[in-house]
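Descriptive analysis of the structure
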Amino acid sequence: MTQDGESWARVYYRNATGEELRSVLTLMGPGGRTVELHCAPIAHDEPGTCETPSVPSEGAPRSATAVAEFVGAGPVDEAPLLLRAGSERAPSARD
């Protein structure tokens, strides 16, 4: 998301599993800048959101990308990856 010179990432979710889930929302901007936010989607059938803090936008429009990953419960190195979703890829210098 971009507005008034600021960019941020937002993911909408619904955790109807009844189980604990974890998610990581990552905003990647030009020049290797990254903002990462860990969320714990509440186990109920109501929609929720997770949103990174906003950062100043730099570069061309659509120069930032975002990725949301949702994993199951358990040790981090053993938790199953349930979903990985990303924003549109930022245009390259050739576009």
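Reading the values: the criteria
Residues numbered from 1 in each chain as written. Predicted model: local features only at pLDDT ≥ 70, side-chain atom pairs only at ≥ 80, totals over all residues. Heavy atoms only, no water. Pairing = 2+ DSSP bridges. Helix = DSSP H or I, 4+ residues; strand = E, 2+ residues; numbered from the N terminus. Buried < 20%, exposed > 50% of the residue type's maximum accessible area, 1.4 Å probe, protein only. Contact = heavy atoms within 4.5 Å. Axes fitted to C-alpha atoms, helices over the stretch in contact; angles between N-to-C directions. Polar contact = N/O pair within 3.5 Å; in protein donor to acceptor, adjacent residues only side chain to side chain. Core = buried A, V, L, I, M, F, W, Y, C linked by side-chain atoms within 4.5 Å.

**Looking at the sheet that holds strand β7 (residues 55-56)**
- Across the sheet, which stays open at both edges, the 3 strands sit in the order β1-β2-β7 with antiparallel pairing between neighbours. Pairing within the sheet leaves two strands with one partner each, and these edge strands are β1 (2-3) and β7.
- By the bridge criterion, 2 bridges tie β1 to strand β2 (residues 6-7) in an arrangement that is antiparallel. Paired with Gln-3 across the strands is Glu-6, a residue of β2.

**What about the side chain of Thr-26?**
- Here Thr-26 shows up in strand β4 (residues 22-28).
- Using a relative accessible area of 12% as the deciding quantity, one classes Thr-26 as buried.
- If we skip the residues at most four places from it in the chain, Thr-26 touches Thr-34, Val-35, Glu-36, Thr-65, Ala-66 and Val-67.

**Some remarks on the sheet that holds strand β8 (residues 65-71)**
- Spatially, β5-β4-β8-β9 is the arrangement adopted by the 4 strands of the open sheet, whose pairing is antiparallel. Here the strands that pair on one side only, and so sit at the sheet edges, are β5 (34-39) and β9 (81-86). Sheet twist, expressed as the mean angle between neighbouring strand axes with direction ignored, is 10°.
- Where β8 lies against β9, 5 bridges are found, and the strand directions are antiparallel. Across the sheet, the residue bridging to Phe-70 is Leu-83, located in β9.

**Regarding the side chain of Asn-15**
- Note that Asn-15 resides in strand β3 (residues 10-15).
- At 3.2 Å, the side chain of Asn-15 forms a polar contact with the backbone oxygen of Pro-41.

**So, the nonpolar core**
- By size, the foremost hydrophobic cluster in this structure holds 12 residues: Ala-9, Val-11, Tyr-13, Leu-25, Leu-27, Val-35, Cys-39, Cys-50, Val-55, Ala-66, Ala-68 and Phe-70.
- Secondary-structure elements contributing two or more residues to this core are β3, β4, β5 and β8.

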